[in-house]
Number of protein chains: 2
Amino acid sequence: MKTVNIGLFGFGLVGEGIYQVLNRKPQLNACISKIVIKHPEKQRNASASLFSTDARDILEDPSIDLVVELIDDPVAALQILLEAMNKGKSVITANKSMVASNLPLLMEVARNNGVSLLYEAAVCGSVPIIRNLEEYFDNDLITHVTGIVNGSTNFILTQMSKQGLEYETALLKAQELGFAESNPSLDVSGLDARNKLKIIILHAFGKLIRDEDICVKGINSITKFDLDYAREKNLVIKLLATCRVNKDGSMEEASVLPTFLPRYHPLRLTDNEFNGVLIGGELADEQFFYGKGAGRYPTSSAVLSDISAYRYNYRYEYKKDIVTVDQIQPVQKKCFVSFKKGQYFDFSRLGKIEEAYESDQYGYVTLHGPLDKILAECKQPGFSVICYSGQVVPLESHENSPPIALDIPTDYRLGPTESANSGLFAVGI
Amino acid sequence: MKTVNIGLFGFGLVGEGIYQVLNRKPQLNACISKIVIKHPEKQRNASASLFSTDARDILEDPSIDLVVELIDDPVAALQILLEAMNKGKSVITANKSMVASNLPLLMEVARNNGVSLLYEAAVCGSVPIIRNLEEYFDNDLITHVTGIVNGSTNFILTQMSKQGLEYETALLKAQELGFAESNPSLDVSGLDARNKLKIIILHAFGKLIRDEDICVKGINSITKFDLDYAREKNLVIKLLATCRVNKDGSMEEASVLPTFLPRYHPLRLTDNEFNGVLIGGELADEQFFYGKGAGRYPTSSAVLSDISAYRYNYRYEYKKDIVTVDQIQPVQKKCFVSFKKGQYFDFSRLGKIEEAYESDQYGYVTLHGPLDKILAECKQPGFSVICYSGQVVPLESHENSPPIALDIPTDYRLGPTESANSGLFAVGI
């Protein structure tokens, strides 16, 4: 085990936490010798001699062998990482969007310079997903990974579901408690989860995937109507990031989708700001990992694990043959689509309808169909799309099935009581 | 990454599974070149030339660098491991009782010979507990580990709780389904969980602990009465293995105990043959790991992970300063003690009684007191002891508390209805 000399970029909550732990734990054999910050005027809880505003004080110091980057500017962060690696320094970052957007470049520069590039904190904070995909399950045939990887949206959905809050109120509460950013668009649109899924796909399957090949639906269109429906059916709604391969190793599904989970689903109990991930392997079956996905201490924990691993020259191996995913065959899913009164259209052109209902304010259909088409046709405000969990359903299994009887949800207590047939659409079979 | 030449001892379900996977996955760079078995007359699904009944065919073959031991005889297994390591071979085993009983010796021989000694499969099958304690959380101050580490007892308790089976019927069902051994005493007495806990304590805290310093209570005295009580109180009973350190790093608790879990406890949903473990860290807070703890494929998965790690010369580092635990201060716990009518004695000498009840067949008390004393005084058949989950309660916090009012569980619907005072003991305050 070597002694590590660290140059730190950024001294926010995580940076300061790491500085404190390394000071308190000399047995880690790692010390921070320089900290580059943007605002020298701020009061800092560390010796003034450690600080600088000049990146060169780290990048050009040959005694520094590890750069830990914890700043919030992705462009500057990328530049720092590339320059550090090109100078032979190993790097650790927690910046998920920057990592997700630049995976091929970062991997190449790390490999060319023979340095470590570690980013456990970028996915699910303290939950050791990347490390376990890389190290522990590297020999097992991983079939799928599915999980709640964004704490902000999970907090909002939990508050809507358990406290009966409207979306806007729940978002505000998340922001007040520090579980959502002041600009929450990356989270609520599902793009943050997509970024993490890209990194997961690389480590689970050795595949590089383009943004546009991941089906993404956020939570910002989910209404109290949807949550009431879920409650009536004893389901919960979670934003799941999912990747799954076919038996031949090709990608079957890569998606970020609001999803109904049944009563005994392990992810159902991952509430509020927590993250939970299921890794499915051919031998190990499903493994469930759960913990805090973000925040000062969980992020610090993940960064410290990377520092600790670096002392043993740890590097991601990725999978042996990295391939770029060309295109994923469209998947068929069972979806629930809700809409405001007046937005009804002929859903039967999107798939086979199972159930349909309309009250004087809202309506919904449940249907089996191609996911991309359903998402594309229902992306206007007022529509909300929620998938049902479970394996992707191949189209054939529906084609020979008997006509679906009209399933009137009689125990459905939403909206004013209406006569049995009013407000029900003909089912398009 | 090196090519590994493996000598395998034992060709049961796990051994054969590993042989098949390694054959199917040449990219793992590992092959089995010799298999030593006890019964050459059995039909085997592998080339006859691979098999031998002479251990020397592996131990004295210098081309074999890794010995994988999967036999069910702990004495022979130990001898094989020691001899293999002394000949410079690394070793992998799944034999938890043998590992738990011989940790200092095994560690010393591995260190002296500079070889790897890996045993992930010995604790929680495919759930990567040891690896994560060793690698991922090695820098974080781990405060406690608590979990369901024995699938047989968890299956029995789940069946008793969910199907209303009696202990003997549930045990029989577990045996029929292969979730319990024909001789289940090691499992139901809690000793198997204790063995796993010893290994967990070593990797979490760097401490070697003696068997007698772990408080152990099995599940074989748990009755339907206890489970009915739990159901009424919306609790479940799980056999938890727990270790916890004080702020100064000394051991606070090491125990295997039937435990009541409240409604939202993450371990509550770990049912049937599954295992679940919570790792508590100062920074990462609680991380939850869940998966299959035993069986052919989960065990194979863990052994394969060890083989895979060995290709990179992976070794357990343990913690830097291994210490032997001298003695643990007795802990105070809130316990539930149930008993058959006629077995009542003055429980107030064991602690402060909170609740007491007796029907015409059974009775119970709940009390706060020193765990070792309660277990020792209630070990006769007919008594069952179940702890309440949560932090250990320091004695002082009770000493100044006001006298506890007699808490008659009015909603308690067990046994024949009786008048409010009949069958209730005076509470010993």
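Small disclaimer: the values here were computed from a predicted structure and weren't measured. In this convention, every chain numbers its residues from 1, walking through the sequence in written order. Here the convention is simple: chains get letters from A, ligands get numbers from 1, in the order in which they are written. Given that the model is predicted, a residue must reach a pLDDT of at least 70 before its local features are reported, and side-chain atom pairs must reach 80 or more before they are shown or counted; all residues, however, enter totals for whole chains, interfaces and linings. Just so you know, side-chain values use all the structure's heavy atoms and leave hydrogens and water out.

### Remarks on the overall build of chain A
Then, number 1: We count a stretch as a helix when DSSP gives it H or I for four or more residues in a row; a strand needs E for two or more, and each element gets its number in order from the N terminus. For chain A, the helix and strand inventory stands at 14 helices and 18 strands.
Then, number 2: Any two residues whose heavy atoms approach within 4.5 Å are treated as being in contact. For chain A, the proportion of contacts with a sequence separation of at least 24, taken over those separated by at least 6, is 73%.

### Here we look at helix α5 (residues 103-113) of chain A
Residues and elements named next belong to chain A.
Then, number 1: All of the buried residues along α5 are Leu103, Leu106, Met107, Val109 and Ala110. Buried residues of α5 fall within an arc of 165° about the axis and therefore sit on the same side. Along α5, exposed side chains directed more than 90 degrees from the buried face belong to Arg111 and Asn112.
Then, number 2: Contacts from the buried residues of α5 go to α3 (74-86), α4 (96-101), β6 (117-118), α10 (191-205) and β8 (207-208).
Then, number 3: Downstream of α5 by one or two residues, Gly114 has phi in the positive range, about 60°. When accessible area is computed with a 1.4 Å probe and restricted to protein chains, residues below 20% of their type maximum are described as buried, those above 50% as exposed, and intermediate ones as partly exposed. Think of the arc as the fan of directions from the helix axis to the C-beta atoms.

### Here we look at the relation of the copies chain B and chain A
Then, number 1: When the copies are superposed, the least-squares fit takes in the C-alpha atoms of residues with a pLDDT of at least 70 in both. Superposing chain B onto chain A takes a rotation of 180° combined with a translation of 0.0 Å along the rotation axis, leaving an RMSD of 0.0 Å. As the rotation angle and translation indicate, the two copies are arranged about a two-fold axis. Closest approach to the rotation axis among the C-alpha atoms of chain B is made by Phe289 of chain B, whose C-alpha sits 2.4 Å away.
Then, number 2: A share of 98% of the interface residues of chain B reappears at the interface of chain A, consistent with the copies meeting face to face through the same patch.

### A word on the sheet that holds β6 of chain A
All names here are of chain A.
Then, number 1: Criterion used throughout: strands pair if DSSP finds at least two bridges between them. Taken together, 6 strands build an open sheet; the order of strands is β3-β2-β1-β4-β5-β6 and the sheet is parallel. In this open sheet, the two edge strands, each paired with only one partner strand, are β3 (51-52) and β6.
Then, number 2: Pairing of strand β4 (residues 66-69) with strand β5 (residues 90-93) involves 4 bridges; the strand directions are parallel. The residue bridging Val68 from the neighbouring strand is Ile92, located in β5.

### Considering the packing of aromatic side chains
All names here are of chain A.
Then, number 1: Each aromatic pair joins two rings of Phe, Tyr and Trp (for Trp, the six-membered one) with centres within 6.5 Å, and gets the label stacked for planes under 30 degrees apart, edge-to-face for over 60, and tilted for any other angle. Tallying each qualifying case throughout the model produces 54 aromatic pairs over all chains.
Then, number 2: Ring plane angle 50° and centroid distance 5.0 Å describe the contact between Phe260 and Tyr388, whose orientation is recorded as tilted. Separated by 128 residues along the polypeptide, Phe260 in strand β11 (residues 251-261) and Tyr388 in strand β18 (residues 384-388) bring together distant segments of the chain. Tyr388 carries the same exposure label as Phe260, and that label is buried.

### Things to note about the pattern of salt bridges
Residue and element names in this part refer to chain A.
Then, number 1: Salt bridge, as used here, is a side-chain nitrogen of Lys or Arg placed within 4 Å of a carboxyl oxygen of Asp or Glu. Throughout the structure, instances matching the rule amount to 36 salt bridges over all chains.
Then, number 2: The closest approach of N and O atoms between Arg56 and Asp54, which form a salt bridge, is 3.0 Å.
Then, number 3: Judged by relative accessible area, Arg56 falls into the partly exposed class, the value being 49%.
Then, number 4: The exposure class assigned to Asp54 is partly exposed, which follows from its relative accessible area of 27%.

### Some remarks on the nonpolar core
Soluble globular proteins tend to bury their nonpolar side chains together.
Then, number 1: In this text, buried Ala, Val, Leu, Ile, Met, Phe, Trp, Tyr and Cys residues form a nonpolar core when linked through side-chain atoms within 4.5 Å. In terms of nonpolar packing, the biggest core is built from 238 residues, with Tyr119 and Ile307 of chain A together with Tyr119, Met251 and Ile307 of chain B touching the most fellow members.
Then, number 2: With residues near it in sequence (within four places) discarded, Met251 of chain B still touches Ile201, Phe205, Lys207, Ile209, Cys243, Arg244, Val245, Asn246, Val325 and Ile328 of chain B.

### A few points about the side chain of Ser300 of chain B
All names here are of chain B.
Then, number 1: Mapped onto the fold, Ser300 is located in helix α12 (residues 296-310).
Then, number 2: The exposure class of Ser300 is buried, given its relative accessible area of 0%.
Then, number 3: Aside from chain neighbours lying at most four places away, what touches Ser300 is Val14, Gly17 and Ile18.

### A word on the interface of chain B and chain A
Then, number 1: The interface is formed by 42 residues belonging to chain B together with 42 residues belonging to chain A.
Then, number 2: Counting across the interface, chain B meets chain A through 4 salt bridges.
Then, number 3: Here a polar contact is taken to be a pair of N or O atoms separated by no more than 3.5 Å, where protein atoms must pair a possible hydrogen donor with a possible acceptor and residues adjacent in sequence count only if both atoms sit in side chains. Taken together, chain B and chain A are joined by 11 residue pairs in polar contact (both at pLDDT 80 or more).
Then, number 4: Secondary-structure elements contributing two or more residues to the side of chain B that touches chain A are α1 (13-24), α6 (129-136), β13 (285-292) and α12 of chain B.
Then, number 5: Of all the elements, β13 of chain B adds the most residues to the side of chain B that touches chain A, at 8 residues.
Then, number 6: Residues belonging to the side of chain B that touches chain A are distributed by class as follows: 19 nonpolar, 9 polar and 14 charged. For this classification, the nonpolar set comprises Ala, Val, Leu, Ile, Met, Phe, Trp, Tyr, Cys and Pro, the charged set comprises Asp, Glu, Lys and Arg, and every other residue, Gly included, is treated as polar.

### Brief notes about unusual backbone geometry
Residue and element names in this part refer to chain A.
Then, number 1: Not every positive phi belongs to a glycine, and Cys124 is a case in point at roughly 65°.
Then, number 2: In this fold, Cys124 is placed in the loop between β6 and α6 (129-136).
Then, number 3: Relative accessible area serves as the criterion here: at 1%, Cys124 is assigned to the buried category.
Then, number 4: A positive phi angle, near 60°, is found at Asn313, a position not held by glycine.
Then, number 5: For Asn313, the location among the structural elements is in the loop between α12 (296-310) and β14 (323-324).

### Concerning the state of the cysteines
Then, number 1: Sulfur atoms of two cysteines make up a disulfide when they are within 2.5 Å. According to the stated counting rule, one finds 0 disulfides over all chains in the structure shown.
Then, number 2: Looking at the unpaired Cys215 of chain B, the closest cysteine sulfur is the one in Cys387 of chain B, lying at 8.6 Å.

### Things to note about the pairing of β4 of chain A
Then, number 1: On β4 of chain A, burial covers both faces: Leu66 and Val68 of chain A on one face and Val67 and Glu69 of chain A on the other are all buried.
Then, number 2: Between the parallel elements β4 of chain A and β5 of chain A, the chain passes through α3 of chain A in a crossover that is right-handed. Note on handedness: a crossover is taken as right-handed if, strands pointing away from the viewer, the path from the first strand over the helix to the second is clockwise.

### Details of the environment of Pro184 of chain B
Then, number 1: Along the chain, the position of Pro184 of chain B falls in the loop between α8 (167-176) and α9 (185-188).
Then, number 2: Separated by 140 residues in sequence, Pro184 of chain B and Thr324 of chain B have C-alpha atoms that sit 30 Å apart.

### Description of the sheet that holds strand β4 (residues 66-69) of chain B
All names here are of chain B.
Then, number 1: Here we have 6 strands laid out as an open sheet, ordered β3-β2-β1-β4-β5-β6, and parallel in their pairing. Where the open sheet ends on each side, the last strands, each with one partner, are β3 (51-52) and β6 (117-118).
Then, number 2: Where strand β1 (residues 4-9) lies against β4, 4 bridges are found, and the strand directions are parallel. Residue pairing for β4: Ile6 is matched across the bridge by Leu66.

### Quick notes on the confidence of the model for chain A
Residues and elements named next belong to chain A.
Then, number 1: Of the residues in chain A, 89% reach a pLDDT of 70 or more, and the chain-wide mean stands at 87.
Then, number 2: Confidence per residue, as judged by the predictor, is encoded in pLDDT with a range of 0 to 100. Confidence drops under a pLDDT of 50 for residues 391-429, and excluding neighbours within four residues, the segment shows 56 contacts in the predicted structure.
Then, number 3: Across the interface, the model reports ipTM at 0.80; the global pTM reads 0.85.

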